[in-house]
Amino acid sequence: MNVQKTNIGIFAGFPPEHNAHIIEAVMYIRALQAMQFKTVVGLACSESRKREELLTENTDRYGATDIIKPLPYPEIPVLNLHEFADGYHIQPDAVARMIEEQRIDLCFFTYYPLFGQQLIELLKNMRKQVILIAKMPLVRPEQDSIFAKYHRGYAETIEAVDTLLAYQQNDVDLIEKQYPLARGKTFAAHKFVDEELIAAAQQKYDHILHDYDLEGFFCDAEHIVGLIGRIDPEKNVLPFVEEIWPRIHAECPQAKLLIAGSGTRNQTLMSMTSNVQSIRFLSQAIPYVDVLALLGHIDVLAAPSGTDYTPRIPMDALLMKSQVVANDLNFNDVYRPYAHLAPVREFVEYSPYGYNDNTRMLQDATNRKYYGVPDAPAFADCVIDALKGESKKPLPETEFTPREFCAQFLHALQNSK
């Protein structure tokens, strides 16, 4: 395929669906532009968008200005399918007309919409190529999950698409084992961060502590440990504060802990940390570029999360030259060479909000959800070792970059059966 003659559509979570979707969408678009596709067209399904709108329109209303603004964009049209979609169903004739008007040759799905099976079948009937980010096949379609509806028709979809992309190689192996029809068309393409966003974070580096009133907290600390993300049970923030941080602080009394995030355990965490001088908890929403800038000031990022997907924050920390300590779960192959990994003490069954793709290789885990709880002494020792200078293999300059993703994407496109 000659990409310079190919019009590509990207079905992504454009504003205002979800902040993480916005980050992913704008970075994918930049990568597709770098590959020199003839045109890039966005596809969305949103109650808040017009039928056709530019990506950069109404960014204040979508809460996306801080993410999109640092990145230079040409005018990228976004086609909104919401008017022609009703839950699982779409109006195929109307959607086909929009696709033909934009002359889309190839469609790249960064997530699977409710009407995913129908839309992909429509594209295949129109003789369009389809690439799908293959995260959903790793999630079991338990009927008690509020996200089970996303699984409808997924096995048939895997047969229909031309190429599947997974975030890491061991996920490729799992997908091909679970879905034999995926063999020969499933490839690894790592998550990445746009260099423009890193450059924007570096410009904020010198004043980011002032912006968040952290100068005093940081000034008398020998080391800073960071814990950034959702404050929910499976993220193990409360066990970290209760069981792990006291061990670290006893060994490194000049170290301090910065926690940033929000979730269902916010109030509990605020009560636990309000009188602890070595801990600062930022519970407000923090723009993504600011998160990157803060990571540049952190010596060690602690990632005690009990789920084993491919989280973005540890990747961001590695890119910003922080060390990372994480749980040694099943699917850490992306981070394994570069992070300090601690064993898990036990697995706890729970009912998460949304889907959970962890512990996929645990025995007898079918139709049950678990998250791992870190072994407190071992996790604390890993953080202490990292603070005292025991470094891991340095991150190669090519890892987690748009250039590497582009190479992997094009390789998959050219080699899929």
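The structure we're discussing is the one just above.
Overview of the structure.

Quick notes on the rules
- Residues numbered from 1 in each chain as written.
- Predicted model: local features only at pLDDT ≥ 70, side-chain atom pairs only at ≥ 80, totals over all residues.
- Heavy atoms only, no water.
- Pairing = 2+ DSSP bridges.
- Helix = DSSP H or I, 4+ residues; strand = E, 2+ residues; numbered from the N terminus.
- Axes fitted to C-alpha atoms, helices over the stretch in contact; angles between N-to-C directions.
- Contact = heavy atoms within 4.5 Å.
- Buried < 20%, exposed > 50% of the residue type's maximum accessible area, 1.4 Å probe, protein only.
- Salt bridge = Lys/Arg side-chain N within 4 Å of Asp/Glu carboxyl O.
- Phe/Tyr/Trp six-rings, centres within 6.5 Å; stacked < 30°, edge-to-face > 60°.
- Parallel < 35°, antiparallel > 145°, perpendicular 65-115°, else oblique.
- Left-handed = near helix turned anticlockwise from the far one by under 90°.
- Nonpolar A, V, L, I, M, F, W, Y, C, P; charged D, E, K, R; others polar.

This part takes up the sheet that holds strand 16 (residues 340-342). Spatial strand order, 13-12-11-14-15-16: 6 strands in an open sheet with parallel pairing. Since the sheet does not close on itself, it has two edges, and those belong to strand 13 (279-282) and strand 16, each with one partner. When strand polarity is set aside, the average angle formed by the axes of neighbouring strands in this sheet is 20°. With 3 bridges connecting them, strand 15 (residues 323-327) and strand 16 associate as parallel partners. Paired with A326 across the two strands is L341, which belongs to strand 16. Strands in contact with helix 11 (residues 237-251) are strand 11 (223-228), strand 12 (255-260), strand 13 and strand 14 (300-303); relative to strand 12, the strand with the most contacts, it is inclined by about 165°. With respect to the sheet, helix 14 (residues 312-319) is in contact with strand 11, strand 14 and strand 15, its orientation differing from that of strand 14 by roughly 165°.

With that settled, the discussion passes to the environment of M27. Mapped onto the fold, M27 is located in helix 1 (residues 19-34). For the pair M27 and I68, spaced 41 residues apart in the sequence, the C-alpha separation amounts to 9.3 Å. Other than its neighbours up to four places away in sequence, M27 contacts Y73, F192, V193, D194, L197 and R312.

What follows concerns unusual backbone geometry. When glycine is set aside, most residues are seen to have a negative phi, and most peptide bonds are trans. Residue D213 is not a glycine yet carries a positive backbone phi of 55°. Along the polypeptide, D213 turns up in the loop between helix 9 (208-211) and helix 10 (215-219). Classification of D213 as exposed rests on a relative accessible area of 60%.

Taken as a whole and assessed by the stated rule, the structure comprises 16 salt bridges. Across the pair D194 and R30 runs a salt bridge, and its minimum N-O distance is 3.1 Å. Taken together, the positions of D194 in the loop between strand 10 (186-188) and helix 8 (195-204) and R30 in helix 1 put the pair 164 residues apart, joining distant regions of the chain. Judged on exposure class, the residue D194 and its partner R30 are both buried. The partner of R30 in a salt bridge is E196, and the shortest N-O contact between them spans 3.4 Å. Of the two residues, R30 is situated in helix 1 and E196 in helix 8; the sequence distance between them amounts to 166 residues. Where salt bridges share partners, they join R30, D194 and E196 into one cluster.

Before going further, it helps to examine the sheet that holds strand 4 (residues 77-80). Sheets are built from strands paired through backbone hydrogen bonds, the pairs being either parallel or antiparallel. Taken in spatial order, the 8 strands make up an open sheet running 3-4-2-1-7-8-9-10, and their pairing is mixed. Each edge of the open sheet is held by one strand with a lone partner, namely strand 3 (52-54) and strand 10. When strand polarity is set aside, the average angle formed by the axes of neighbouring strands in this sheet is 25°. Here strand 2 (residues 39-44) pairs with strand 4 via 3 bridges, running parallel.

Another aspect to go through is the packing of aromatic side chains. Inspection of the entire model under this criterion finds 14 aromatic pairs. Ring centres 5.7 Å apart and planes at 65° place the aromatic pair F11 and Y111 in the edge-to-face group. Residue F11 is found in strand 1 (residues 7-11), and its partner Y111 is found in the loop between strand 7 (106-109) and helix 5 (116-125); the two are separated by 100 residues along the sequence. Ring plane angle 90° and centroid distance 6.0 Å describe the contact between F240 and F379, whose orientation is recorded as edge-to-face. Highlighted residues: F240 in helix 11 and F379 in helix 15 (residues 376-387), separated in sequence by 139 residues. Across the pair, exposure class does not vary: F240 and F379 are buried alike.

This part covers the packing of helix 11 against helix 12 (residues 266-273). The N-to-C vectors of helix 11 and helix 12 enclose an angle of 20°; their axes lie 10 Å apart at closest approach. When the axis of helix 11 is compared with that of helix 12, the two are roughly parallel. Crossing geometry of helix 11 relative to helix 12 is assigned as left-handed. Facing helix 11, whose interface residues are V237, L238, V241 and E242, helix 12 presents T268, L269, M272 and T273. Here the contact of helix 11 with helix 12 is composed, by residue class, of 5 nonpolar, 2 polar and 1 charged.

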